[in-house]
Amino acid sequence: MAVYFRKGLEIPEPSDYSSSEDDDMTYFTDLYEHEHNLPESVRVINKILNSLVDRAWEDISKQDKIREEAEATKKVPVLSPCKEYTIPCRTNAIVCSDDGLYLFLGHAHGLSVISTSTLTCVTTWKDERVELTSISCASLENCTHLLCTVDDMGIARLFVHRTENIYFIKVLNETDDINQRHICTKFEVSKSGDFGAAVMTSSGSVWLDVYRFPQELWLKELEIKQATHTHAPTEVKLSPIVLLMKIKPPEIPAGTSLKSPFDVLQKTGDGTIIGSGQNHMISSFQWENQEVAFRKMFAKYLSTHPMTPSQQKPKGPSCTFHFLLHEGLCPLPGGTKPTRDFPIVLCLWWSGSNNLLQYLLVKTTKEKTDVEPRPDILWPNSQEILCSAVSACTRFIVLGLVSQLVTVWDRRFEMYLFFTSSGGAVCPYANIVIPGDSALCRLKLILQSPEQLQVTPLHQGPFLPKLQFLVTCRSGACYSVTTRHGGHSQIAAFIERPADPGSFATVVEPMPFLKSLALLMQRNGQVSVWEMDDAAPVFIINLPQTHVLGPVWKPVHVLDPVQQNLYIRGDRKTSLEEVMDKEEGDSTLFLYSFAQCSVLDLYRIPWPATIETRATLSGLEEACNLYIQERFDSLEERNRNFAIHWKRLQKRVFE
């Protein structure tokens, strides 16, 4: 094969001849002729390098072939359902009670209660006009459960289940005029059942209603009604619930008439926290000048990247909230002592905001109930918040931000700065940057095993424990992150970005009773359990050939950590003719038992994973002693981290 080289960049004029004597042309019949002209030492080195590359490539090819053959011969175990139960049509939500005794199904025409031991229906609440879409459950005393539901019309309802009866309490957003009715988009109850919160919308405005449930009075009233009535009624009148707060999104700072810093500080003295941007001395004229300067500075970017209509007219803000238990060294207002799993704080963030806000649920008797309260604590973040998760003990809050940044907050030892009404806020526990360019959409914290989180009489865990959580991106990629304060974070690709749209993961959920395992549901209907460390399937969950996962975009399922069971809704495969003939499709609830699977014996951990003994601090002296003890125990680790950071700083200076 001849290789043609032409010198110069000029294009010759077209000619009828195949060659020209004036052109300087060179032809090689041997591709390696230019190498033969090199010095002998260079040729020897080149020959040795080529030999090393060839041998390395042969070894890599052999290892890849061995790995492919091992994967082909390796058979992933298949887990089939051990029980099945026909459920009502359009079952949209399934939750399991904390004691693992009952399943609560929200479906068209009502609510059903299923016993997990026999997989039979215990009781139902029916209404032909209702189709429930979401359920939140809290387990109370004496086999009693509090249920908060939302239907497809945005109506929030409150139920109480007791033994074999279910009682309807009330509708939260009930009104006579349908045009003035508030639409509920989310209604959840705290784990203890003392508080509930509902996100309401009406005429473009959004707010959060926080309620206090008198569960102790309800339990006594239910006992009296069951003792006096032979046939328990489906609707009962119990003690009314109390509206604690009505929280609205923070307003965008506008121009102010305040002229001096003294006026600003005097305005801030009414309880508004510093850092929210509400109290300032910036006039409307200054805001306008800032807008003009911004557009002038970034005129080139704005002209080449115009905003889309969806960006110019953003949708109304949405609210994400979490109930938090008592944590840290700060005493409760009025000297109140925390009892059982009683939440004292509601933390929330609004879409499009960088701030995480906290509102105290426990107020002193001298404080007046504020219908539009101001946040008690503000935690600022560098980027806009996209998703969040809270640990089981509510000590850690993990936030997924824009630019693939994950921030972890620790509520125990509060390093006070200047962002609370009392003068402080906590510092971030860790900051992690997730690889890739896709936005974060989901966070799931993994429960720690007793070996990782030991409990002592005073300590509620180690000073700086390791945290592990799953991060899911909008691209379908999923990462397993392990981090600790001041230490190096380990990020492993659990699921790569899928090339096939059918392999897109719709559910990635860690299994609390199985160490390092996660439940994976894909858009193509495949369900499997994967090991997060090796990123390999442990076994496949098989649905019968007559059924498919339904719906594939949002599978209806629930994990029962007490019984170690998985419940999945499966829809019967139907043809187009059958769909046209039948108004309602058949659905089945399939039960998969992990307790009887021998493959999982190596991954089992005792449940509950952490037997927490929450310390009750009697006063400020005990809190200080606990803090000093924790600082003394972490002295060696802090010195080691300080030396590492000091070496990094010196290296950066001399670069």
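Here the structure is a predicted model, which means the values were calculated and not measured. (Residues numbered from 1 in each chain as written. Predicted model: local features only at pLDDT ≥ 70, side-chain atom pairs only at ≥ 80, totals over all residues. Heavy atoms only, no water.)

### As for the overall build of the protein chain
Counting its regular elements, the protein chain contains 10 helices and 34 strands. In the protein chain, which comprises 655 residues, the share counted as buried stands at 41%. Nonlocal contacts in the protein chain, meaning residues at least 24 apart in sequence, comprise 54% of its contacts between residues at least 6 apart. (Helix = DSSP H or I, 4+ residues; strand = E, 2+ residues; numbered from the N terminus. Buried < 20%, exposed > 50% of the residue type's maximum accessible area, 1.4 Å probe, protein only. Contact = heavy atoms within 4.5 Å.)

### A word on the sheet that holds strand β11 (residues 183-189)
The strands making up a sheet are joined through hydrogen bonds of the backbone, oriented either antiparallel or parallel. Across the sheet, four strands lie side by side as β11-β12-β13-β14; this open sheet has antiparallel pairing. Strands with a single pairing partner mark the edges of an open sheet, and in this sheet they are β11 and β14 (242-247). On average, each strand axis in the sheet is inclined to that of its neighbour by 20°, with strand direction left out of account. With eight bridges connecting them, strand β12 (residues 195-202) and strand β13 (residues 205-212) associate as antiparallel partners. Bridged to G196 within β13 is Y211. (Pairing = 2+ DSSP bridges. Axes fitted to C-alpha atoms, helices over the stretch in contact; angles between N-to-C directions.)

### Quick word on unusual backbone geometry
Here the bond from G550 into P551 is cis, since omega is -25°, no more than 30 degrees from zero. Mapping P551 onto the fold places it in the loop between β31 (547-549) and β32 (557-560). For Q404, which is not glycine, the phi dihedral falls at a positive 55°. Structurally, Q404 is set in the loop between β20 (396-401) and β21 (405-410).

### Description of the nonpolar core
In globular proteins that are soluble, nonpolar side chains generally tend to be buried together. Core analysis: the largest hydrophobic core is formed by 34 residues, its most contacted members being L208, I247, F321, L346, L348 and I397. Here this core gets six residues from one element, more than from any other, and that element is strand β16 (residues 345-350). Those residues in contact with I397 that lie beyond four places of it in its chain are L324, C347, L356, W379, A389, V390, T407, V408, W409 and R411. (Core = buried A, V, L, I, M, F, W, Y, C linked by side-chain atoms within 4.5 Å.)

### Details of the side chain of S97
Checked against the element boundaries, S97 lands in the loop between β5 (93-96) and β6 (102-115). When near neighbours in sequence (up to four residues on either side) are disregarded, S97 contacts Y102, F104, C137, S139 and H145.

### Looking at a nonpolar patch on the surface
Together, V44, I45, I48, L49 and L52 give the surface a local cluster of nonpolar side chains, amounting to about 450 Å² of exposed area. Checked against the element boundaries, I48 lands in helix α2 (residues 40-73). (Patch = residues over 30% accessible without salt bridge, like charges linked within 9 Å, V, L, I, M, F, W, Y side chains within 5 Å. Areas by Shrake-Rupley, 256 points an atom, 1.4 Å probe, with all protein chains shown as cover. Salt bridge = Lys/Arg side-chain N within 4 Å of Asp/Glu carboxyl O.)

### Some thoughts on the packing of aromatic side chains
In the structure shown here, the tally under the stated rule is 10 aromatic pairs. Considering the side-chain rings of W125 and F168, the 5.9 Å spacing of their centres and the 25° angle between planes classify their relative orientation as stacked. Of this pair, W125 sits in strand β7 (residues 120-139) while F168 sits in strand β10 (residues 165-171), placing them 43 residues apart in sequence. Between F513 and F594 the ring centres are 5.9 Å apart and the planes differ by 35°, which places this aromatic pair in the tilted class. Separated by 81 residues along the polypeptide, F513 in the loop between β27 (505-510) and β28 (517-522) and F594 in the loop between β34 (587-593) and α9 (620-633) bring together distant segments of the chain. (Phe/Tyr/Trp six-rings, centres within 6.5 Å; stacked < 30°, edge-to-face > 60°.)

### Regarding the pattern of salt bridges
Under the defined criterion, the tally for this structure stands at nine salt bridges. Close ionic contact of E188 with K186 constitutes a salt bridge, the shortest N to O distance being 3.9 Å. Across the pair D571 and R569 runs a salt bridge, and its minimum N-O distance is 3.0 Å. One exposure class covers both D571 and R569, and it is buried.

### A short note on the side chain of S190
Its location among the elements puts S190 in the loop between β11 and β12. By relative accessible area, which is 1% here, S190 ends up buried. From its side chain, S190 meets the backbone nitrogen of D194 in a polar contact 3.4 Å long. Among all residues touching S190, those that are not within four sequence positions of it are A138, F195, F323 and P343. (Polar contact = N/O pair within 3.5 Å; in protein donor to acceptor, adjacent residues only side chain to side chain.)

### Considerations on the confidence of the model for the protein chain
When pLDDT is averaged across the protein chain, the result is 79; 72% of the residues are at 70 or more. This model gives residues 309-314 a pLDDT under 50, and the stretch forms one contact once residues within four places in sequence are excluded. Within the model, the stretch residues 449-462 combines pLDDT values under 50 with 30 contacts to residues more than four positions away or in other chains. (pLDDT = per-residue confidence, 0-100.)

### Quick notes on the sheet that holds strand β22 (residues 428-433)
The strand order across the open sheet built from four strands is β19-β20-β21-β22, with neighbouring strands paired in antiparallel fashion. The open sheet has two edge strands, β19 (385-390) and β22, and neither has a second partner. With direction set aside, neighbouring strand axes in the sheet form an average angle of 20°. Relative to β20, β19 is paired through five bridges, and the arrangement is antiparallel. For A389, the partnering residue across the bridge sits in β20 and is V398.

### Remarks on helix α3 (residues 215-228)
Over its 14 residues, α3 runs 20 Å from end to end, which matches the ideal 20 Å to within 8%, given 1.5 Å per residue. Among the residues of α3, those classed as buried are Q215, W218, L219 and L222. Axial view of α3: buried residues confined to an arc of 100°, hence all on one face. Exposed and facing more than 90 degrees away from the buried side of α3 are E216, K220, I224, A227 and T228. The inward-facing, buried residues of α3 abut β8 (144-151), β9 (156-162) and β10. (Expected span 1.5 Å × (residues − 1). Arc of directions from axis to C-beta.)

### Describing the environment of I385
Secondary-structure assignment places I385 in strand β19. Taking C-alpha positions, I385 is 6.9 Å from S351, a pair spaced 34 residues apart along the chain. Apart from residues no more than four positions distant in its own chain, I385 is found in contact with W349, S353, N354, N355, L356, L399, G400 and L401.

### Topic: the pairing of β20
Two faces, one strand: in a regular strand the side chains alternate between the faces of the sheet. Taking burial as the measure, the six residues of β20 include six buried ones, the bulk of the element. Between β19 and β20, which pair antiparallel and follow one another directly, the connecting turn spans five residues, one of which, T394, has a positive phi of 60°. Bridge analysis of β20 against β21 gives six bridges, and the strand direction is antiparallel. Opposite V398, over in β21, you have V408 as the bridge partner. Following β20, the chain reverses through three residues before pairing antiparallel with β21; S403 in that reversal takes a positive phi of roughly 70°.

### Things to note about the environment of L378
Here L378 is to be found in strand β18 (residues 377-380). You can call L378 buried: its relative accessible area is 1%. Along the chain, L378 and Y359 lie 19 residues apart, while their C-alpha atoms are 9.3 Å from each other.

### So, the state of the cysteines
A full pass over the atoms with the stated rule returns zero disulfides. Among the cysteines around C148, which has no disulfide bond, C137 carries the closest sulfur, lying 9.0 Å off. C148 sits in the buried class, given a relative accessible area of 1%. (Disulfide = S-S within 2.5 Å.)

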